[in-house]
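Listed here are the chains, written in short residue letters.
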Amino acid sequence: MSSRTVIRGGLVITASDEIHADVLIEDGRIAALAASGTPAAEAFTAERSEMGASPPEGWGRVIDATGKYVIPGGVDAHTHMELPFGGTFASDTFETGTRAAAWGGTTTIVDFAVQSVGHTLREGLDAWHAKAEGNCAIDYAFHMIVSDVNQETLKEMDLLVEEGVTSFKQFMAYPGVFYSDDGQILRAMQRSADNGGLIMMHAENGIAIDVLVEQALARGETDPRYHGEVRKALLEAEATHRAIRLAQVAGAPLYVVHVSAMEAVAELARARDEGLNVFGETCPQYLFLSTDNLAEPDFEGAKYVCSTPLRPREHQAKLWQGLRTNDLQVVSTDHCPFCFVGQKELGRGDFSKIPNGLPGVENRMDLLHQAVVDGHISRRRWIEIACATPARMFGMYPKKGTIAPGADADVVIYDPHAEQVMSAETHHMNVDYSAYEGRRTTGRVETVLSRGEPVITEREYTGHAGHGVYTPRSTCQYLN
């Protein structure tokens, strides 16, 4: 007997529509939608009612979503579970991180497998498969960080695209670790132009930043706030411009990750006005936090050290504008948590030794709903930037990112009226602080289904490690 779930009475919101509809789920997929109260919707549960009070086990469940939103599960296309960085590891494992993601209404993550210099892409990918397999509460996929561009790496890129790893991240930052020079970047972009892959770029001029870091430390400027001062907005904009022009030379699309500065948004807008396939992502930390947080006393600013860094508050308006005008297409988290005690503290007395990264995989959907409440974006744009576009950008649509017949039944029942206070005491990420401690938001996840299975049920965790499966991806579906 097939498993069946009916979600009744909610407002179904996708990137393109809002409709009061009932949703029929069968065998882990969306089977049908019908306007609430119509004969078609009543037929979803007619058979069940004929069975009396206790239908056969496995027939399924009816979820009452009256007064709630019914939205696609979030797609977070930028996470770093268990990432090695700065002599330590990101504190969320695939088990703890995907569980926290589910609590926050995200049902798919795309994490980054890492190629180490001197090793193959395959070795890096295999290592990340080993970390994730059997441990995830929700579905997952991988991008590939390319740290060592050579002829063998370029050939491997073709093979990875064929098997569903269709995006490759390069770094203009972190010399000596992940850094690629312009020639290596161009070669990888040329390969992507041929094989259909998408280059993702960390756009900061790392060579120049290292000079400024050295000079700041020599002046005795060691506090966390100097992390933001040396990683200048102009050096993000310069690198963004350079990456765009290299992609143009290669004839390849480009996706710039974690855009934080208004000057970088201007570079992306100019490229898109020229008709180039150039895309930009920003993150909640740049929309809601600022250099004021980096400057918090008693080393508290270390909690907010990430790269690209937080910017002065005036940059936020330009990021919101970019999201409204589609010069920025996606909001991901860059979730890369390090505990304050024992990890962020590695940088006491030297800001350059603070592990770079913030926790946020649990907070993204709620913060973006708050942006709807505050009037920054519409409800449909919320779903577009958090669910549909990341799924399209990275080759998972319409399996992920929407509520439509045939799609995976990754569905969130969302209470738009519930109020909450974000806090480390109540979040589920494996980290000892919240970047949004004390922030009051309106809207909260109530129930989460992953492929039709309840992972969160009325604010209780009912999922389990191993439910989430690896999801191969097609190439970018968002090109002009």
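Residues numbered from 1 in each chain as written. Predicted model: local features only at pLDDT ≥ 70, side-chain atom pairs only at ≥ 80, totals over all residues. Heavy atoms only, no water.

Turning to the overall build of the chain, a few remarks are in order. Scanning the chain from terminus to terminus reveals 14 helices and 18 strands. Scaling as 2.2 N^0.38, a compact globule of 480 residues should have a C-alpha radius of gyration of about 23 Å, and the chain matches this with 22 Å. Principal-axis analysis of the C-alpha atoms places the extent of the chain at approximately 75 × 50 × 40 Å. Split into buried and exposed, the 480 residues of the chain put 60% on the buried side. The long-range fraction of contacts in the chain, counting pairs at least 24 apart against all pairs at least 6 apart in sequence, stands at 75%. Per element, the accessible surface of the chain, about 17,300 Å² overall, is 48% carbon and sulfur. Taking the average place of the 42 positive charges on the side chains of the chain and the average place of its 65 negative ones, the gap between the two points comes to 3 Å. (Helix = DSSP H or I, 4+ residues; strand = E, 2+ residues; numbered from the N terminus. Rg over C-alpha atoms; globule rule 2.2 N^0.38 Å. Buried < 20%, exposed > 50% of the residue type's maximum accessible area, 1.4 Å probe, protein only. Contact = heavy atoms within 4.5 Å. Areas by Shrake-Rupley, 256 points an atom, 1.4 Å probe, with all protein chains shown as cover. Lys, Arg positive; Asp, Glu negative; His and termini not counted. Charge placed at Lys NZ, Arg CZ, Asp CG, Glu CD.)

A few words on helix H14 (residues 379-393). Taking 1.5 Å per residue as the helical rise, H14 with its 15 residues ought to reach 21 Å, and the 20 Å between its terminal C-alpha atoms agrees with that figure. Of all the bends in H14, the greatest, near 45°, is centred on Ile385. Among the 15 residues of H14, 11 are classified as buried, and the element is accordingly described as predominantly covered. Among the residues of H14, those classed as buried are Arg381, Trp382, Ile383, Ile385, Ala386, Cys387, Ala388, Thr389, Pro390, Ala391 and Met393. Downstream of H14 by one or two residues, Gly395 has phi in the positive range, about 70°. (Expected span 1.5 Å × (residues − 1). Bend = angle between axes of the 7 residues up to and from the residue.)

Another aspect to go through is the side chain of Lys303. Among the structural elements, Lys303 can be located in the loop between helix H11 (291-294) and helix H12 (315-325). A polar atom in the side chain of Lys303 sits 2.7 Å from the side chain of Glu300. Lys303 has contacts with Phe340, Lys344, Gly357, Leu358 and Tyr433, leaving out every residue within four places of it along the chain. (Polar contact = N/O pair within 3.5 Å; in protein donor to acceptor, adjacent residues only side chain to side chain.)

A word on the UniProt feature "modified residue: N6-carboxylysine" (unreviewed entry) in the chain. Per the UniProt record, "modified residue: N6-carboxylysine" (unreviewed entry) is found at Lys169. On the secondary structure map, Lys169 appears in strand S11 (residues 167-171). Owing to a relative accessible area of 2%, Lys169 belongs among the buried residues under this scheme. Each residue touching Lys169, except ones within four places of it in the same chain, is listed here: His78, His80, Phe112, Met144, Ile145, Val146, Met200, His202 and Val257. (UniProt positions renumbered as here; feature names shortened; annotations may be inferred.)

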